[in-house]
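Observations on the three-dimensional arrangement
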Amino acid sequence: MSGRHRWVSRRALLKGVLAGAAVSVGLPWLELFWDGKARAGGLFPKRFGLFFWGNGVHPARWVPQGEGAAWALSEQLAPLAGVKDVITVVSGMEVKVPNAIPHASGAAGILSGAALRVEGEDNGFAAASVDQVVAAAIGQDTRFRSIEYGAEPGSGLSYSSASSRNPVESSPYQLFDRVFGAGFRAPGEVAQVDPRLALRRSVLDAVREDAAALQAQVGAADRARLDQHMTSIRALELRLARLEQDPPALAACARPLAAPLADYPPVDGRAQVSAKNRIMCDLGALALACDQARVLSNFMTSPVNNILFPGATAGHHQLTHDEPGDQPQVHAIVLQVMEELAYMVEALRAVPEGEGTLLDSCALLATSDVSYGRTHSLDEFPIILAGGAGGALRQGLHYRSTTRESASKVHLTLLRALGVPAASFGEGASAAYDTLSAIEA
Amino acid sequence: MLALGSPCLGGCAPAQDPTAAETPDLGAQDISSNDLSSEGLSPDDLSGQDTADEGAQDAADGGGDGGPPGPLLPLDEVVYVRQPPVMRRLTAQQYGNALRDVFGEDVVVPARLEPDGRVGGMKALGVAQAAVSGRGVELYEAAALEVAAQVMGDPQLRARVVRCAPTGVADEGCMGEVLGALGRRLWRRPLTAEEVDKLVRLSAGAADTLGSFEEGLGFGVAALLQSPWFLYRVEAGDAQGRLDAWSLASRLSFLLWDTGPDEALLVAAQAGELSTEAVLLGQAQRLLADPRARVGVRAFFSDLYELDRLDELTKASEVFPHMSDEVGPSAREETLRGIEDLVFDERGDWRQIMTRRKTFLNRKLAAIYNVQAPAREGFGEVELPLEVPRRGLLGQVSVLALSAHPVSTSATLRGVFVRTKLLCQVVPPPPAGLDTSIPEATGEAPTLRDRLREHLESPYCASCHGFTDPVGLALEPFDGIGRYRTRDHDVLIDGSGELDGRAFDGPQQMYEAVRDHERFGLCLAQKLYQYATAHEVVAGGAPMVEALGARFVAGGHDVQGLLLTLIASPAFREVSTGQEGQP
């Protein structure tokens, strides 16, 4: 996928968007603000990105040949050809948690580094997911602590703690409205401070006092729930306070000229995963460019998702188990997923920042809930990294583990690259105390 | 006690249709289908269980007098370990219902709120356990501001809540009157003088800043709506373990109307009358007689059968030409109307839900069922044709399409629905690390039954799938969207099987086998207990659940009767005291 081709397709895509809203298509949407507006020099904040998809890959067709800087894309990684020089494939890693419940265990293991919490017939994460660990460290200075989205309606797997799960935005319009609707101020836009911001903060103050009073009356578990609630209220207050200050003046920041469609209904019973994903990736990149958040999680599809992908004769998950032989349909779906990952990487790379691009300051982790979808295996786990984390990560490599190292090492490497002073990541057999020095700059 | 029903507890066999029992979404969002906790209710624990089945039959047929399930202990004498009070977040539906109660039907309720996840297959349990997310707080703030702006900006809506004439921009007296009255309804208890003062100070300050009484008051309203006292249903008990009047009024009203108490119920609570059983039951009967009780009963069954998932029904339209966005919501309406009709209009034996020919269809569903549409627009009553074995709940598009794949049926998913939702049995997830593919259809093995045969005959696989699949295979005459067919890949469908010792041939005998199953009535009582109290069935609560179930069975499976029995029981009215050290 060449950069040029990308712009063409982006514009074509936008035409579809605008046609629905009866808006003139004379203005290209995003690039108007980016072309030739690169700001010279300057320091840019480090950002974290996550790209998550459900139902894994086929490891035999996934793992690249060659190691280090001399490697070739595998069959299933082929769609990443256009971004090969900015990604690093990490293979041979293992998610070292008990595989108690297929898909759920792997997702908890790869995202939180901890075994799935199973209580009776229910389950969930036992620890915060990696995006929220990062957000706790670098999400304090932006309007949003983190942004979660996903093309498939669902809840995503972003956990602030075991009992608190952040819902994802699955509507492009809602994502747009949240970031660029009321309350967004582009650089240079002169706006008087809205007195309502301070009033909203005083309301939140009062609400927090109510919660504190209520805590005295309830049991320990509910006190902890209220603690979470109060922490989130406090975070919202801080964000409102930031709105009263001047917005960050990053040159690449711009208010999108048009809103996405309000709805992307299924076409012939098939969800518009790709169309939604691409618009949300564009919006997400712009949100980072405007420093509205520094943590961006894309839960494109979920574990066990049964989405009918274009060309498939059955749902994704059903195919991973029912399709015989080499599973050509599952393979085709993995390729479609990789095309979407390529789009996200390109969207970040399309934003000029200083002498380089937004992607240079990002550390993007792309992974899934299982390795081989057919057997729910957790070894030979699919992991792709993109971006340079502000010069802390090497790019364009294939790192091959021959000792089935814990996948948590990747997370610890990313945390350190982002400047988070973490001593370890993960728990028990999954815990990592060392980084993968081969991919560190 | 161990949960009973699944022969595959302990080392479970591999699944050949793993889409079924896998947990499709972490944190209990989707098909979390298993309900009995491991310490749960077992029929072995039921007194007189040897005759329970027979007794159930007699009771149902004869109206409850002739059945011999043994003497029913008064509920006060059933051993019951009081359960702790719970703190439930309002579901999105309850949030909207409460706003419409207080601000009027015209208020536009914000659609985007914290999502309600399921625990143990029910949102009612999920909202008692999950914490509000960071994003949820943001959504609640936006919703509160939106509603406050609406109410204060629309003269008609405003007139409903502002009854006094403000004498100035920051008329504190008038503000206090409005906020105190609103607060009592929204927080479902009277506010203390300090609480009102605080809200008035906030509103008056905002009014001064913005130069508007209405805008200022809007901030007070937004504070009421964001407060945990509104967002959570807070419960408290007294020293004797009785739920206090406000908590009891809320339990009652949310159970029966899916919203907060009305004025009459608040007055009764304030007067301290609800501690009297007769008054409590009188209020319960008043609420049940009101049309809003249909909202409450719909909410329960919608939660139980996960009918909200019909909004996201995915079916390949090239395989199912009838598929459209209308199908899912229409199917939900059919199921809920049928339940409403049985529970309220006919007040019939609940077990008829398995075998009724009477149903309610719109044009879309009539086309899928291949019957004449009963009405040009909307829903009308239909008597399903005798020739097609479509009867009751398991013959409805809602269950048939939800418990299936996007392009095909799933015997396992349908079996899991029957086992977990209708019989409260446990189906564990499949083990990991196995190739779980089933063979594709061939000339020699064209039907799903043929394709599943190898696995059903392997003892390893069959220990789980023998439990779920035969029930589901009986529904193979209905395709993945619920259309009737007699052939799968041009071969006649074999619908024979067995349910816990009772053989059946075809869907109709299967419906009857489920209806007559000893756990069928007990299961509904258990689900209702969980829904009303937000407690899983734990050891200390099990005998009470059993007793409620036995009464439901003995009383002719009357759902309204079950509601009243539950409301009068200690499980509903009492909580453990001393919250320190509670789990």
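Residues numbered from 1 in each chain as written. Chains lettered and ligands numbered in written order. Predicted model: local features only at pLDDT ≥ 70, side-chain atom pairs only at ≥ 80, totals over all residues. Heavy atoms only, no water.

So, the overall build of chain B
Broken down by element type, chain B carries 24 helices and 8 strands. Taken across its 583 residues, chain B has 62% of its residues classed as buried. Across chain B, the fraction of contacts at a sequence separation of at least 24, relative to all contacts at a separation of at least 6, is 73%. (Helix = DSSP H or I, 4+ residues; strand = E, 2+ residues; numbered from the N terminus. Buried < 20%, exposed > 50% of the residue type's maximum accessible area, 1.4 Å probe, protein only. Contact = heavy atoms within 4.5 Å.)

Notes on the overall build of chain A
A tally of regular secondary structure across chain A gives 12 helices and 15 strands. In chain A, buried positions account for 62% of the 441 residues. Sequence-distant contacts, at least 24 apart, represent 72% of the contacts inside chain A between residues at least 6 apart. Here chain A displays about 14,800 Å² of accessible surface, and carbon together with sulfur accounts for 54% of that area. (Areas by Shrake-Rupley, 256 points an atom, 1.4 Å probe, with all protein chains shown as cover.)

Digging into the packing of helix α7 (residues 195-215) of chain A against helix α7 (residues 193-210) of chain B
With their axes 10 Å apart at the nearest point, α7 of chain A and α7 of chain B run at an angle of 175° to one another. By the angle between their directions, the pair α7 of chain A and α7 of chain B is classed as roughly antiparallel. Here α7 of chain A contributes Pro195, Arg196, Leu199, Ser202, Val203, Ala206, Glu209 and Asp210 of chain A to the contact with α7 of chain B, which in turn contributes Lys198, Leu202, Ala206, Thr209 and Leu210 of chain B. In terms of residue class, the contact of α7 of chain A with α7 of chain B is built from 7 nonpolar, 2 polar and 4 charged. (Axes fitted to C-alpha atoms, helices over the stretch in contact; angles between N-to-C directions. Parallel < 35°, antiparallel > 145°, perpendicular 65-115°, else oblique. Nonpolar A, V, L, I, M, F, W, Y, C, P; charged D, E, K, R; others polar.)

Some words on unusual backbone geometry
Residues and elements named next belong to chain A. For Gln327, which is not a glycine, the phi torsion comes out positive at approximately 55°. Along the chain, Gln327 turns up in the loop between α10 (316-322) and α11 (328-349). Looking at Gln327, the relative accessible area reads 3%, which means it is buried. The backbone of Ala389 sits at a positive phi, close to 50°, despite the residue not being glycine. Within the element layout of this structure, Ala389 appears in the loop between β14 (383-386) and β15 (397-400).

Observations regarding the interface of chain A and chain B
The interface is formed by 72 residues belonging to chain A together with 81 residues belonging to chain B. At the boundary of chain A and chain B, one finds 9 salt bridges. Here Arg135 of chain B makes a salt bridge to Glu169 of chain A, at a shortest N to O gap of 2.7 Å. The interface formed by chain A and chain B holds 20 residue pairs in polar contact (both at pLDDT 80 or more) in total. (Salt bridge = Lys/Arg side-chain N within 4 Å of Asp/Glu carboxyl O. Polar contact = N/O pair within 3.5 Å; in protein donor to acceptor, adjacent residues only side chain to side chain.)

Concerning the packing of helix α10 (residues 245-257) of chain B against helix α23 (residues 559-568) of chain B
Residues and elements named next belong to chain B. For the pair α10 and α23, the least separation of the axes is 12 Å and the interaxial angle reads 165°. The orientation of α10 relative to α23 falls into the category roughly antiparallel. At the point where α10 passes α23, the crossing takes the right-handed sense. Of the residues in α23, those touching α10 at Leu252, Leu255 and Leu256 are Leu563, Leu566 and Ile567. The residue inventory of the contact of α10 with α23, partitioned by class, reads 6 nonpolar, no polar and no charged. (Left-handed = near helix turned anticlockwise from the far one by under 90°.)

Section: the side chain of Glu353 of chain A
All names here are of chain A. Within the fold, Glu353 resides in strand β11 (residues 352-353). Overall, Glu353 belongs to the buried group, its relative accessible area being 6%. A polar side-chain atom of Glu353 sits 2.9 Å from a polar atom in the side chain of Arg47.

What about the confidence of the model for chain A?
Across chain A, pLDDT averages 86, with 88% of residues at or above 70. pLDDT under 50 marks residues 1-42 of chain A. Its contacts with residues more than four places away, or in other chains, come to 72 contacts. (pLDDT = per-residue confidence, 0-100.)

Brief notes about a negative patch on the surface
Residues and elements named next belong to chain B. Taken together, the side chains of Glu172, Glu194, Asp197 and Asp208 make up a negatively charged region of the molecular surface. Counting residues per element, the negative patch draws most heavily on α7, which supplies 3 residues. Considering the arrangement of structural elements, one finds Glu172 in helix α6 (residues 172-186). When its relative accessible area of 46% is taken as the criterion, Glu172 is described as partly exposed. (Patch = residues over 30% accessible without salt bridge, like charges linked within 9 Å, V, L, I, M, F, W, Y side chains within 5 Å. Lys, Arg positive; Asp, Glu negative; His and termini not counted. Charge placed at Lys NZ, Arg CZ, Asp CG, Glu CD.)

So, helix α2 (residues 92-103) of chain B
In this model α2 of chain B runs 16 Å from its N-terminal to its C-terminal C-alpha over 12 residues, within 8% of the 16 Å that 1.5 Å per residue would give. Residues of α2 of chain B that are buried include every one of Gln94, Tyr95, Gly96, Asn97, Ala98, Leu99, Val102 and Phe103 of chain B, and no others. (Expected span 1.5 Å × (residues − 1).)

Focus on the state of the cysteines
The full count for this structure, using the stated rule, is 3 disulfides over all chains. Across a sulfur-sulfur distance of 2.0 Å, Cys253 of chain A and Cys290 of chain A are joined as a disulfide pair. Here the disulfide of Cys253 of chain A and Cys290 of chain A is right-handed, its torsion about the S-S bond being about 100°. Highlighted residues: Cys253 of chain A in the loop between α8 (220-244) and α9 (273-289) and Cys290 of chain A in the loop between α9 and β10 (295-299), separated in sequence by 37 residues. A sulfur-sulfur separation of 2.0 Å characterises the disulfide bridge that pairs Cys164 of chain B with Cys174 of chain B. Here Cys164 of chain B and Cys174 of chain B share a disulfide; its torsion about the S-S bond, 85°, makes the bridge right-handed. Of this pair, Cys164 of chain B sits in the loop between α5 (155-161) and α6 while Cys174 of chain B sits in helix α6, and the two are 10 residues apart along the sequence. With no disulfide of its own, Cys281 of chain A lies closest to Cys362 of chain A among cysteine sulfurs, the gap being 12 Å. (Disulfide = S-S within 2.5 Å.)

A closer look at the sheet that holds strand β13 (residues 362-368) of chain A
Residue and element names in this part refer to chain A. A sheet is described by the order of its strands in space; here 7 strands give the open sequence β7-β10-β1-β13-β14-β4-β15, paired in mixed fashion. Only two strands of the sheet have a single partner each, and these edge strands are β7 (147-149) and β15. Averaged over all neighbouring strand pairs, the angle between strand axes comes to 15°, with direction disregarded. Inspection of the sheet shows strand β1 (residues 47-53) paired to β10 by 5 bridges, in the parallel sense. Counted as the bridge partner of Phe51 is Asn298 from β10. Contacting β1, β10, β13 and β14, helix α4 (residues 104-112) runs over the sheet at an angle of about 165° to β1. In the packing of α11 onto the sheet, the strands contacted are β1, β7, β10, β13 and β14, and the crossing angle to β1 comes to about 165°. (Pairing = 2+ DSSP bridges.)

A short note on the nonpolar core
Most often, soluble globular proteins keep nonpolar side chains buried together rather than apart. Leu255, Leu256, Phe301, Tyr305, Trp350, Leu394 and Leu422 of chain B are the most contacted members of the largest nonpolar core, which totals 99 residues. Beyond its immediate sequence surroundings of up to four residues, Phe301 of chain B is in contact with Glu306, Leu307, Leu336, Ile339, Trp350 and Leu524 of chain B. (Core = buried A, V, L, I, M, F, W, Y, C linked by side-chain atoms within 4.5 Å.)

Observations regarding the packing of aromatic side chains
Evaluation of the coordinates by the stated rule reveals 15 aromatic pairs over all chains. Centre to centre, the rings of Tyr305 of chain B and Phe417 of chain B are 5.7 Å apart; their planes meet at 50°, and the pair counts as tilted. Note that Tyr305 of chain B is positioned in the loop between α13 (292-304) and α14 (327-345) and Phe417 of chain B in helix α17 (residues 411-422), a separation of 112 residues in sequence. Of the two residues, Tyr305 of chain B and Phe417 of chain B, both sit in the buried class. A cation sits over an aromatic face here: Lys84 of chain A above Trp71 of chain A, 4.5 Å from the ring centre. Over the face of the ring belonging to Tyr369 of chain B we find Arg390 of chain B, whose NZ or CZ atom lies 3.9 Å from the ring centre. (Phe/Tyr/Trp six-rings, centres within 6.5 Å; stacked < 30°, edge-to-face > 60°. Lys NZ or Arg CZ within 6 Å of the ring centre and 35° of its normal.)

Considering the pattern of salt bridges
When the charged atoms of two side chains with opposite charge come close together, those side chains can pair. According to the stated counting rule, one finds 60 salt bridges over all chains in the structure shown. Linking Lys198 of chain B and Glu209 of chain A is a salt bridge whose minimum nitrogen-to-oxygen distance equals 3.3 Å. Taken together, the residues Lys198 of chain B in helix α7 and Glu209 of chain A in helix α7 connect one chain to another. Using a relative accessible area of 46% as the deciding quantity, one classes Glu209 of chain A as partly exposed. Between Glu138 of chain B and Arg135 of chain B there is a salt bridge whose closest N-O contact spans 2.5 Å.

Brief notes about the environment of Arg145 of chain A
Residues and elements named next belong to chain A. Structurally, the position occupied by Arg145 is in the loop between α5 (130-138) and β7. C-alpha separation for the pair Arg145 and Gln292, spaced 147 residues apart in sequence, amounts to 8.4 Å. Sequence-distant contacts of Arg145, that is, excluding residues within four places in its chain, are made with Gln132, Ala135, Ala136, Gly139, Gln140, Ser160, Arg239 and Val295. A distance of 3.2 Å separates polar atoms of two side chains, one belonging to Arg145 and the other to Gln132.

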